[in-house]
Amino acid sequence: MPLNDNDNCLFHIEMAGISYCDGTYKIKRTNSSVYVFEFILSGQGTVVYNSEIFHPAAGDIYILHRGSNHVYYSDREDPWVKIWFNARGRLIKHLIDAYELGSVNHIEGLNLELLFNEMYRVIQSKKGGSEELLSRAAVLFHEIIQQIHLWVNQNKAVKNSEASKIKHFLDLHLEDDISLQDLGRQIFRSPAQVIRLFKREFGKTPYEYLLEKRIQTAKLLLKNTNLMVKEIAFKLNFTDEHYFSNRFKAKTGMSPKKFRQMK
């Protein structure tokens, strides 16, 4: 039920629904004209938001901001059931900005089923005038935004701590064979979550960070020891001397042998 048809409105719920998805479910928007808010009741799926990929599952919320390019689709084996609404208006942008949610897309484990259900019920309601429904929907929307803001901030410190724990683990194991599964076990997270948390905090993936640290260590070993290049490659757990030399040159612009010869 449209609560306001003016394109320059203060607050407008374009549509809302409860979707029982199947393996063919897929939505794509380019330069989206609306904000999309969805709560996953059950199932799994994938969202590609600009260049980011995440996988909302039961108990998660995702926000797709107006102006974004996105595509989302349900898992074929375990499809989504979800409550959602699409909205636009100056109030939405104001609240998104005020609560610093402009870069927030995937909110994991925040159960706002009751609020989303109530929003859906209000939008579908035939009781009361449009102004009354608009007011009730706006209040619900504000509460949803507040709850997301509180959840994100409560979890930010935990996530920062988790990312720092991964970084510390990498620093201690520069010479070891480390997998994403190993990192995940340190904080009880999946490999995808490890990458997302680490990149959000440090601006690079765990692999990129580990490679940089290994190259830095290689520089010290080349300048301050008599270890052969292949011994350094082996010590820092590169596949072989050739691979190490290629990665070293890509990062420094010169081969390990040339770097060692420099004064």
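Our subject is the structure that appears above.
Figured I'd write up the structure that's included with this text. Chains are numbered independently. Their residues run from 1 in the order of the written sequence. Since the coordinates come from a predicted model, pLDDT governs what is reported: local features require at least 70, and pairs of side-chain atoms require 80 or more to be given and counted, while whole-chain, interface and lining totals use all residues. With hydrogens and water set aside, each side-chain value is computed from the structure's full complement of heavy atoms.

A strand pair is defined by DSSP finding two or more bridges across the two strands. Helix numbering and strand numbering both begin at the N terminus, where a helix is a DSSP run of H or I of at least 4 residues and a strand a DSSP run of E of at least 2. If you trace the 4 strands from one edge of the open sheet to the other, you get β2-β7-β4-β5, paired in antiparallel fashion. Looking along the sheet, the strands with just one partner apiece sit at the ends: β2 (26-29) and β5 (52-54). Between one strand axis and the next, the sheet turns by 10 degrees as a mean value, whatever way the strands run. Relative to strand β7 (residues 70-74), β2 runs antiparallel, the two being bridged by 4 bridges. Paired with Lys28 across the two strands is Val71, which belongs to β7. Axis definition: a line fit to C-alpha positions, over the contact stretch in the case of helices; interaxial angles, taken between N-to-C directions, run 0 to 180 degrees.

Tracing the backbone shows Arg196 in helix α5 (residues 191-202). Any two residues whose heavy atoms approach within 4.5 Å are treated as being in contact. If we ignore the near neighbours within four places in the chain, the residues touching Arg196 are Glu52, Phe54, His106 and Glu108.

This brings us to the sheet that holds strand β9 (residues 106-107). Strands in a sheet are paired, the pairing made by backbone hydrogen bonds, and the direction either parallel or antiparallel. The strand order across the open sheet built from 5 strands is β1-β8-β3-β6-β9, with neighbouring strands paired in antiparallel fashion. Of all strands in the sheet, those with a lone pairing partner are β1 (12-20) and β9, marking the two edges. Across 4 bridges, the pairing between strand β3 (residues 35-42) and strand β6 (residues 61-64) is antiparallel. Across the sheet, residue Glu38 finds its bridge partner in β6, namely Tyr62.

Most of β3 is tucked away: 6 of the 8 residues are buried. Relative to strand β8 (residues 81-88), β3 runs antiparallel, the two being bridged by 7 bridges. Its bridge partner lying in β8, Phe37 is registered against Phe85. Whether a residue is buried, partly exposed or exposed follows from its accessible area with a 1.4 Å probe, protein chains only, as a fraction of its type maximum: under 20%, in between, or over 50%, in that order.

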